[in-house]
Amino acid sequence: MTLRTISVPPQSGRPAKGAIVILHGWGANAEDAAYFTGLLNLSEYHLVFPEGPFDHPAPGGKMWYGFPSGFNFGGNWGHLPQLQASRQALMECLTALPTVIQVPLTQTLLGGFSQGGAMTIDVGFDFPLAGRMVLSGYRHGAIAPVSDQAPVLMVHGAVDPVVPVAVAVETRDRLLEAGASVKYLEFPTMGHEVSQVVLGKMDGFIQRILG
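A quick note: this is a predicted structure, and the numbers were derived from the prediction, not measured.

Reading the values: the criteria
- Residues numbered from 1 in each chain as written.
- Predicted model: local features only at pLDDT ≥ 70, side-chain atom pairs only at ≥ 80, totals over all residues.
- Heavy atoms only, no water.
- Helix = DSSP H or I, 4+ residues; strand = E, 2+ residues; numbered from the N terminus.
- Rg over C-alpha atoms; globule rule 2.2 N^0.38 Å.
- Buried < 20%, exposed > 50% of the residue type's maximum accessible area, 1.4 Å probe, protein only.
- Contact = heavy atoms within 4.5 Å.
- Areas by Shrake-Rupley, 256 points an atom, 1.4 Å probe, with all protein chains shown as cover.
- Lys, Arg positive; Asp, Glu negative; His and termini not counted.
- Charge placed at Lys NZ, Arg CZ, Asp CG, Glu CD.
- Salt bridge = Lys/Arg side-chain N within 4 Å of Asp/Glu carboxyl O.
- Phe/Tyr/Trp six-rings, centres within 6.5 Å; stacked < 30°, edge-to-face > 60°.
- Pairing = 2+ DSSP bridges.
- Axes fitted to C-alpha atoms, helices over the stretch in contact; angles between N-to-C directions.

Q: Quick rundown of the overall build of the protein? Include the residues and the values.
A: Secondary structure summary: the protein contains 5 helices and 9 strands in total. Starting at the N terminus and walking to the C terminus, you meet the elements of the protein as β-β-α-β-β-β-α-β-α-β-β-α-β-α. Computed over the C-alpha atoms, the radius of gyration of the protein is 16 Å, within 12% of the 17 Å expected from 2.2 N^0.38 for a compact globule of 211 residues. Projected onto its principal axes, the C-alpha positions of the protein cover 50 × 35 × 35 Å. By residue count, 54% of the 211 residues in the protein fall in the buried class. Partitioning the intrachain contacts of the protein with sequence separation of at least 6 by distance along the chain shows that 66% fall at a separation of at least 24. In the structure as shown, the protein presents an accessible area of about 9,000 Å², 56% of it carried by carbon and sulfur atoms. Side chains of the protein carry 12 positive and 16 negative charges; the gap between the two charge centres is 6 Å.

Here it is as structure tokens:
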């Protein structure tokens, strides 16, 4: 399975200072991820937006997997066939990426919103990345021990009506127990969204990690 991907070379005209890979959420698509990322000034980086391989019921929407009946964000869902297929396809995409865009994974940030944040946690620790961003995300199940100390930025809204903030806190705790280096930021009036304050935190994280 090959993922459709939007690839945007540095708009500065100079060699990329790094790469940023952003994964969209459930029912969105690569264009949506490109839109909110495009609100940042990232002209010096190569931007990559893989798209979930499965059709969402909403026209034009995509997903990394469908939510089965009884799904809860605190369960163990790694066995879902669509999730396994998307995991494999995304890992193949990331493995090939340095050759395709000429930026090493050690200079690449991986991030995602909601279901894309869950996919970031799922596959991100299998690669020597510069860092990871989990925006209103969650975990799919148990998190294996990690030795990679590249930073993880987690942001979540305290009034998120989709992924409860308690799920984010529990996900953070499991990541910390696994040995990950996590900075967790919670915003008291934010719902399930990529708000201006989140964009600002993303920008600061990107600049700090990739320069």
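Q: I'd like to hear about the pattern of salt bridges, residue by residue, with values.
A: What the rule picks out here adds up to 11 salt bridges. Asp-148 is paired through a salt bridge with Arg-132; the nearest N and O atoms lie 2.5 Å apart. One end of the pair, Asp-148, is in the loop between strand S7 (131-135) and strand S8 (152-157); the other, Arg-132, is in strand S7, with 16 residues separating them in the sequence. Accessibility expressed as a relative area gives 1% for Arg-132, which makes it buried. Through salt bridges that share partners, Arg-139, Glu-170, Arg-174 and Glu-177 make up one connected network.

Q: Tell me about the packing of aromatic side chains, and please be specific about residues and values.
A: Think of a pair of aromatic rings as described by two things: how far the centres are apart, and how the planes are tilted against each other in angle. This structure, assessed with the given rule, holds 8 aromatic pairs. With centroids separated by 5.5 Å and ring planes inclined at 75°, the aromatic side chains of Tyr-65 and Phe-67 adopt a geometry described as edge-to-face. Exposure remark for Tyr-65: the relative accessible area of 1% places this residue in the buried category. Seen in terms of ring centroids, Phe-71 and Phe-73 are 5.3 Å apart; in terms of plane orientation they differ by 85°. Their pairing is edge-to-face. Like Phe-73, Phe-71 is buried. A network of ring pairs unites the aromatic residues Trp-26, Tyr-65, Phe-67, Phe-71, Phe-73, Trp-77 and Tyr-138 as a single cluster.

Q: I'd like a rundown of the side chain of Thr-171, residues and numbers included.
A: Within the element layout of this structure, Thr-171 appears in helix H4 (residues 165-178). You can call Thr-171 buried: its relative accessible area is 0%. With residues up to four places along the chain from it excluded, the contact list for Thr-171 reads Ile-121, Tyr-138, Arg-139, Ile-143 and Met-154.

Q: Tell me about helix H3 (residues 115-124), and name the residues and values.
A: Taking burial as the measure, the 10 residues of H3 include 10 buried ones, the bulk of the element. Taken together, the buried positions of H3 are occupied by Gln-115, Gly-116, Gly-117, Ala-118, Met-119, Thr-120, Ile-121, Asp-122, Val-123 and Gly-124. Where H3 is buried, its residues contact strand S2 (19-23), strand S5 (62-63), helix H2 (81-101), strand S6 (108-113), S7 and H4.

Q: With reference to specific residues and values, describe the sheet that holds strand S3 (residues 46-50).
A: Read across the open sheet, the 7 strands follow the order S1-S3-S2-S6-S7-S8-S9; overall the sheet is mixed. Looking at strand neighbours, the two that pair on one side only are strand S1 (5-8) and strand S9 (182-187), the edges of this open sheet. Averaged over all adjacent pairs, the angle separating strand axes in this sheet is 15°, with direction ignored. Contacts from H4 reach S8 and S9, with the element oriented near 170° to S9.

Q: Summarise unusual backbone geometry; cite the residues concerned and give the values.
A: The phi dihedral of Ser-114 is positive, around 55°, even though this residue is not glycine. Along the polypeptide, Ser-114 turns up in the loop between S6 and H3. A positive phi is found at Ser-136, a non-glycine position, where the angle reads about 55°. Within the fold, Ser-136 resides in the loop between S7 and S8. Using a relative accessible area of 1% as the deciding quantity, one classes Ser-136 as buried.

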